[in-house]
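# Summary of structural features
Single-letter residue listing:
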Amino acid sequence: MDKLLNDLLAIVGPAGVLVGDDVSQRSVDWFTGAPCQAKAIIRPRSTEQLSRVMAACYQADQPVVTHGGMTGIVHGGVANPDELVVSLELMNHIEEIDAVGSTIDVQAGVTLQRVQEAAEEIGMQFPLDLGARGSCTIGGNIATNAGGIRVIRYGMMRQQVLGLEAVLSDGTVVSSLNKMLKNNAGYDLKQLFIGSEGTLGIVTRAVLRLQPHMPSEQTALVAVPSFDALTQLLKLASRELANSLSAFEALWNNHYRLMTTQSGKHAPVLADDSPFYAIIETLGLDEAQDAEHFSLVLQQALEAGLITDAVLASSHAQRHAIWAIREDIEVLVHALKPMFSYDVSLPIPNMAAYVEGLESRLKAQWPDASKLVVFGHLGDGNLHIMITVRDDSPESRRQVEQLVYSPLKAFGGSISAEHGIGLEKKAYLSVSRTPAEIALMQRLKAALDPKGLLNPGKVITLE
Ligand code: FAD
């Protein structure tokens, strides 16, 4: 074991250092299961330990990659054999929960689901929600500025964070554990770490905002005859359901059909011949009143020709069955293997033209092999696009990326809606950011991490 590892062992103890098979048996890619190649995984138990670990790494010019729950899907956690991984998995305590101040203080390694459950136990809710809730961590959610299914109502992770603590590459601890909604005392430093994918500092603790619990949940799956009807339906739902609308998820026919009839894994809730489907959900306070209003709005949509059929969930099991069609990504991974996955955002009126153009260019290049599946958080202008050309060679990947990303600038879209840049989208950052924006990112990186030791090579390259 080299000197640095011995020094780190003295700081975190034997249970805090993993080497050999304990490293390679872990995966750095949720889709492929590719093994971790780092020379060791360091598992601090406190901010103080992590600060000492980082100070030692800084002295030794040792690059470090941070791991949370490893559900990120842009290769942000990939580590090469010269790099160390810092995992926050042992920093997983809920430190305080305050029903009056509506806050929860957590260590960064706690999972999203545990925070949701802790909030429920005191009659409140933590509204960030996504399919990986059982594994992803609050530190990872902050580092990626995660979105998910309730952004339309509660915003992204950024809107849930009141304060945080981070350790910089040289071991400096920046404790900014603000609990108040208002605090304009100088720069809002937490924003530097939210969405910077572990390239500016390692998030160790956070103060999160809780929201009142909403006991009434109304969920429907509807069949929609056209993209125009889908956008009109979103408009109607936003107006008529106003502040209670908490999710509006769109499924293209290719997604719904694959998840239900073609895979045989999920029973079709509606017939599979509609061009589009939407999952609409509201959260409210009065079950009887909300249910009546919700079905009236769906009736209105039916009469206006915006939907052709609908199923309202009348039990928790039915709601679960509807959401499983949207969230069971493993069915897609299996059916489209080898699969390329994309997460883009676009102004909603441009989405149909973008998807049609993409599909026809894929068909022109791979007439028999290509298959495209589209779904997403329509209310947030966010599409998830899964593509297979039955060949995952680097050249095919590059060609598909070009088809997906290059039209986005003209449509006013972004190469990353919510998953971040990581390694995967780094080459395309200039599609969505100007040279001046990228230059400022590089200046921030150089100021906070002058040796370029934190998540090296991810998001941007230091000149
Ligand atoms: P990791 O994967 O461990 O890390 C992600 C990045 O953050 C890496 O760059 C890592 O270095 C960095 N990082 C992790 N922890 C820290 C820390 N403490 N300090 C600094 N940097 C850190 N994402 C969405 O936004 N919306 C969705 O709806 C959504 N659905 C998903 C569904 C499934 C089935 C899966 C597998 C993923 C989904 N994701 C979604 C992606 C993923 O869950 C999120 O990006 C999540 O926020 C990552 O959290 P994590 O703890 O797993 O982070």
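Residues numbered from 1 in each chain as written. Predicted model: local features only at pLDDT ≥ 70, side-chain atom pairs only at ≥ 80, totals over all residues. Heavy atoms only, no water.

In this approach, a probe sized like a water molecule rolls over the atoms, and the result shows the empty space that is left. The final tally for this structure, using the stated rule, is one cavity of 30 Å³ or more. Computed from the structure, the largest cavity encloses a volume of approximately 30 Å³. As for the largest cavity, its lining consists of Gly 148, Ile 149, Arg 150, Val 151, Ile 152, Ala 247, Phe 248, Glu 249, His 377 and Asp 380. Counting only elements with at least two residues in the lining of the largest cavity, the list comes to α6 (151-154) and β13 (245-252). It is β13 that provides the largest number of residues to the lining of the largest cavity, a total of three residues. Each residue belonging to the lining of the largest cavity can be placed in one class, and the counts come to five nonpolar, two polar and three charged. (1 Å grid on protein atoms, 1.4 Å probe; cavity = no way out; pocket = protein on both sides within 12 Å on 5 of 7 lines; lining within 4 Å. Points joined across faces, edges and corners; volume = space filled by probe spheres on them. Helix = DSSP H or I, 4+ residues; strand = E, 2+ residues; numbered from the N terminus. Nonpolar A, V, L, I, M, F, W, Y, C, P; charged D, E, K, R; others polar.)

A separate point is the sheet that holds strand β18 (residues 382-388). Strand order in the open sheet formed by seven strands is β15-β12-β14-β13-β17-β18-β16, with antiparallel pairing between adjacent strands. The sheet terminates laterally at β15 (309-312) and β16 (340-345), the two strands that pair on one side only. Looking at each pair of strands side by side, their axes are set apart by 15° on average, direction ignored. As defined by bridge partners, β13 adjoins strand β14 (residues 276-284) across seven bridges and the pair is classed as antiparallel. Looking across to β14, one finds that Glu 249 is bridged to Ile 279. Its contacts with the sheet put helix α8 (residues 227-240) on β12 (216-224), β13 and β14, and the angle it makes with β13 is roughly 175°. Docked against the sheet, helix α14 (residues 394-405) engages β16 and β18, running at close to 20° with respect to β16. (Pairing = 2+ DSSP bridges. Axes fitted to C-alpha atoms, helices over the stretch in contact; angles between N-to-C directions. Contact = heavy atoms within 4.5 Å.)

Moving on, we come to the state of the cysteines. According to the stated counting rule, one finds zero disulfides in the structure shown. Unpaired in this structure, Cys 57 has its nearest cysteine sulfur neighbour in Cys 36, at a distance of 15 Å. Cys 57 gets classed as buried once you look at its relative accessible area, which sits at 1%. (Disulfide = S-S within 2.5 Å. Buried < 20%, exposed > 50% of the residue type's maximum accessible area, 1.4 Å probe, protein only.)

All right, on to the packing of helix α9 (residues 253-262) against helix α11 (residues 316-327) then. Axis separation between α9 and α11 bottoms out at 9 Å; the angle between their running directions is 115°. Taken together, α9 and α11 sit at an angle that is classed as roughly perpendicular. In this structure, α9 meets α11 at a crossing whose hand is right-handed. Every residue of α11 that contacts α9 at His 255, Tyr 256, Met 259 and Thr 260 is listed here: Ala 324, Ile 325 and Arg 326. Counted by class, the contact of α9 with α11 contains four nonpolar, two polar and one charged residues. (Parallel < 35°, antiparallel > 145°, perpendicular 65-115°, else oblique. Left-handed = near helix turned anticlockwise from the far one by under 90°.)

All right, on to the packing of aromatic side chains then. In total, this model carries eight aromatic pairs according to the counting rule given. Aromatic rings pair up to connect Phe 227, Trp 252 and Phe 276 into one cluster. Sitting over the face of the ring of Tyr 58, Lys 451 holds its NZ or CZ atom 4.2 Å from the ring centroid. (Phe/Tyr/Trp six-rings, centres within 6.5 Å; stacked < 30°, edge-to-face > 60°. Lys NZ or Arg CZ within 6 Å of the ring centre and 35° of its normal.)

Time to look at the site of the ligand. In the vicinity of the ligand, 34 residues are found, and the nearest of them are Thr 66, Gly 68, Thr 71, Gly 72 and Thr 137. Here Gly 68 contributes a backbone N or O atom positioned 2.7 Å from an oxygen atom of the ligand. At 2.8 Å, a backbone N or O of Gly 69 approaches an oxygen atom of the ligand. Taking 970 Å² as the accessible area of the ligand by itself, protein coverage stands at 95%. Secondary structure elements with two or more residues in the shell around the ligand: β3 (64-67), α5 (138-144) and β10 (202-209). Counting residues per element, the shell around the ligand draws most heavily on α5, at five residues. Split by residue class, the shell around the ligand holds 13 nonpolar, 19 polar and two charged. (Near = heavy atom within 4 Å. Polar contact = N/O pair within 3.5 Å; in protein donor to acceptor, adjacent residues only side chain to side chain. Areas by Shrake-Rupley, 256 points an atom, 1.4 Å probe, with all protein chains shown as cover.)

Attention now goes to the pattern of salt bridges. Taken as a whole and assessed by the stated rule, the structure comprises 24 salt bridges. With a closest N to O distance of 2.8 Å, Asp 328 and Lys 265 form a salt bridge. Here Lys 265 lies in the loop between α9 and β14 and Asp 328 lies in the loop between α11 and α12 (329-335), a separation of 63 residues in the sequence. Its relative accessible area of 15% is what places Asp 328 among the buried residues. Taking relative accessible area as the criterion, Lys 265 reaches 51% and is therefore assigned exposed. (Salt bridge = Lys/Arg side-chain N within 4 Å of Asp/Glu carboxyl O.)

This part covers the nonpolar core. Formed by 56 residues in total, the largest nonpolar core has its most connected members in Leu 233, Ile 280, Ile 385 and Ile 387. For this core, the element with the highest residue contribution is α8, accounting for seven residues. Aside from chain neighbours lying at most four places away, what touches Ile 280 is Gln 218, Thr 219, Ala 220, Val 222, Leu 233, Leu 241, Leu 245, Ala 247, Phe 248, Phe 294 and Leu 298. Core analysis: the second largest hydrophobic core is formed by 50 residues, Ala 40, Ala 146, Met 157 and Val 167 among them. (Core = buried A, V, L, I, M, F, W, Y, C linked by side-chain atoms within 4.5 Å.)

Without other data, these values stay purely geometric and don't point to any function.
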